[in-house]
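Observations on the model geometry
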Amino acid sequence: MRVSIVGAGLGGLCLAQGLRGAGIEAEVYERDPAITARFQGYRLVLNPGGFEALRGCLPQRWHPLLDAIVGDAYGERLILDPQLNQVGALGPGRTGIVVDRHVLRHLLLTGLPVHTGAALTGYDLLADGQVEARFADRDPVTADLLVGADGVGSAVRSVLSPQTTPTDTGVRFVIGRTPLTDRFAGLSRAFGSKIAGDGVSLLLGAMRFRTPPKEAAEALAPEVTLPDIRDYVRWAMILPPNGSLGTATPQEAVLSRMPGWHPDLRALIEQADPDNSTLLSIRVVEPGERWAPGPVTLLGDAIHATSPTRGNGANTALRDADLLRRCLTGGRDLLSAVGDYERQMFEYGAEAVRFSLEALPAIASQTEPA
Ligand SMILES: Cc1cc2nc3c(=O)[nH]c(=O)nc-3n(C[C@H](O)[C@H](O)[C@H](O)COP(=O)(O)OP(=O)(O)OC[C@H]3O[C@@H](n4cnc5c(N)ncnc54)[C@H](O)[C@@H]3O)c2cc1C
């Protein structure tokens, strides 16, 4: 069986690792001109299910490395004012495993055939049951199964399920990261919490690697090359609805909304890594009606894009990858394997989107939630 996977995000790469580990031919086609072409360096919290799905798709010899390059999530989610005084609480924080998305992608990319600069433009179903994928700047490829793991704006979805379209929640945020120095370690009470200012809120989270990723790879799996990244604080400022940056850089835009804030908070933004600060918007995709199982399917944000507020998008994409891997290697014919995957994925995917949207008002509003 030959599988073509569109999109080198966490879901597509995880599936490719899992399939190749099971002896299935799988290649990845990515639109970006290079793997590091744009900001992808924020931290993610994986729940036990997402982490197990990831492990299930990775070769066992990398499990010790994976365990070494993650961190631990814990803590209470408080609501603080801009001087760091507590004014409320958001309830218990997320527990789980914290990973850096950029580092995890590098691990997942190891040994995979990934074709960059390959933007899918459409596909055709062939008379023999196979599928031919078309790209903007390269020759078509034929496969037994085409998997659209191409994110919230999925080109595969626009052919397979054109009625399923993203919804813009109107929530905009600037995200960035700053090295975790001794000074910023003193902000630990604010990690996981929301700092509510005038019309904006700032969310902080720490990425503390159990072992620096590059050193861990050199010691535990020399065939893997991981980026030289140290501990950092991820910050995200939620802007007023439909906010934009104008001509300001992301850091300038954030600082202009923090007059008189605690000096450590201002310094955190001032000392951020400019290459890793950017404006993002929250768009969601809710899985609607199912299509009849065929040689094309979807996974991850392409079919169920969540709001990051509950931190379940990557977890669900990894769950999809592991489930599809298990369905395809279960000895059944292709269409019943794909149908079984889609039946389960639609159910938990829709639930993941609903769950994430429930939490959006509490994070996006500048007042204490009811
Ligand atoms: C700030 C932030 C924090 C988050 N925190 C968490 C968290 O704590 N926990 C959690 O579980 N989730 C979290 N998420 C969500 C998570 O990052 C996503 O749900 C997850 O990365 C989706 O993976 P994916 O593989 O489905 O899609 P993506 O990662 O979006 O990958 C899609 C890939 O497809 C490529 N592509 C697009 N179009 C084409 C095309 N036409 N042809 C070829 N390639 C194409 C893209 O370039 C991209 O590389 C967070 C998201 C954000 C933005």
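Just above, that's the structure.
This one's a predicted model, so the numbers in the text were calculated from it and none came from an experiment.

1. A closer look at the pairing of strand E9 (residues 120–125)
- Where E9 meets strand E10 (residues 131–135), 5 bridges bridge the pair, whose relative direction is antiparallel. Counterpart to glycine 122 in the pairing with E10 is arginine 134.
- Taken together, E9 and the strand that follows it, E10, pair antiparallel across an intervening segment of 5 residues, in which glycine 129 is found at a positive phi of about 95 degrees.

2. Structural notes on helix H1 (residues 10–21)
- Between the first and last C-alpha of H1 there are 16 Å, a value that for 12 residues agrees with the 16 Å anticipated at 1.5 Å per step.
- Within H1, 10 of the 12 residues are buried, which leaves the element mostly enclosed by the surrounding structure.
- Of all the residues in H1, the buried ones are Leu10, Gly11, Gly12, Leu13, Cys14, Leu15, Ala16, Gln17, Gly18 and Leu19.
- Within two residues after H1, glycine 23 carries a phi angle of roughly 85 degrees, on the positive side.

3. Description of the pairing of strand E2 (residues 25–29)
- Pairing of strand E1 (residues 2–6) with E2, which is carried by 5 bridges, proceeds in the parallel orientation. Of the residues in E2, the one forming a bridge with valine 6 is tyrosine 29.
- Running through H1, the crossover from E1 to the neighbouring parallel element E2 is right-handed.
- Of the strand pairs in this sheet, E2 and strand E8 (residues 114–115) are connected by 2 bridges, and their pairing is parallel. Each bridged residue has a counterpart across the sheet, and for valine 28 the counterpart in E8 is valine 114.

4. So, the pattern of salt bridges
- Scanning the entire structure with this criterion turns up 18 salt bridges.
- The residue glutamate 52 makes a salt bridge to arginine 55 at a minimum N-O spacing of 4.0 Å. Note that glutamate 52 and arginine 55 are positioned in helix H2 (residues 48–57) at a spacing of 3 residues, about one turn of the helix.
- With a relative accessible area of 48%, glutamate 52 lands in the partly exposed category.
- Residues arginine 332 and aspartate 340 are paired through a salt bridge, measuring 2.8 Å at the closest nitrogen-oxygen approach.
- When its relative accessible area of 16% is taken as the criterion, aspartate 340 is described as buried.
- Residues joined in a network through salt bridges with shared partners are Glu52, Arg55 and Asp67.

5. A few points about the site of the ligand
- Within the structure, the ligand sits among 35 residues, and Glu30, Val45, Arg101, Asp301 and Ala314 are positioned closest to it.
- At 2.9 Å, a backbone N or O of glycine 11 approaches an oxygen atom of the ligand.
- Here an oxygen atom of the ligand and a backbone polar atom of asparagine 315 are 2.9 Å apart.
- Computed on the free molecule, the ligand has an accessible area of 1,000 Å², of which 90% lies beneath the protein chains in the complex.
- In terms of residues, the shell around the ligand owes the most to one element, helix H11 (residues 313–328), which gives 4 residues.

6. Quick word on the packing of H1 against H2
- In the contact formed by H1 and H2, the axes pass within 7 Å of each other and the chain directions differ by 45 degrees. One finds that H1 runs oblique with respect to H2. Every residue of H2 that contacts H1 at Cys14, Gln17 and Gly18 is listed here: Ala53, Leu54 and Cys57.

Calculation rules
Residues numbered from 1 in each chain as written. Predicted model: local features only at pLDDT ≥ 70, side-chain atom pairs only at ≥ 80, totals over all residues. Heavy atoms only, no water. Pairing = 2+ DSSP bridges. Helix = DSSP H or I, 4+ residues; strand = E, 2+ residues; numbered from the N terminus. Expected span 1.5 Å × (residues − 1). Buried < 20%, exposed > 50% of the residue type's maximum accessible area, 1.4 Å probe, protein only. Right-handed = clockwise from strand over helix to strand, strands pointing away. Salt bridge = Lys/Arg side-chain N within 4 Å of Asp/Glu carboxyl O. Near = heavy atom within 4 Å. Polar contact = N/O pair within 3.5 Å; in protein donor to acceptor, adjacent residues only side chain to side chain. Areas by Shrake-Rupley, 256 points an atom, 1.4 Å probe, with all protein chains shown as cover. Axes fitted to C-alpha atoms, helices over the stretch in contact; angles between N-to-C directions. Parallel < 35°, antiparallel > 145°, perpendicular 65-115°, else oblique. Contact = heavy atoms within 4.5 Å.

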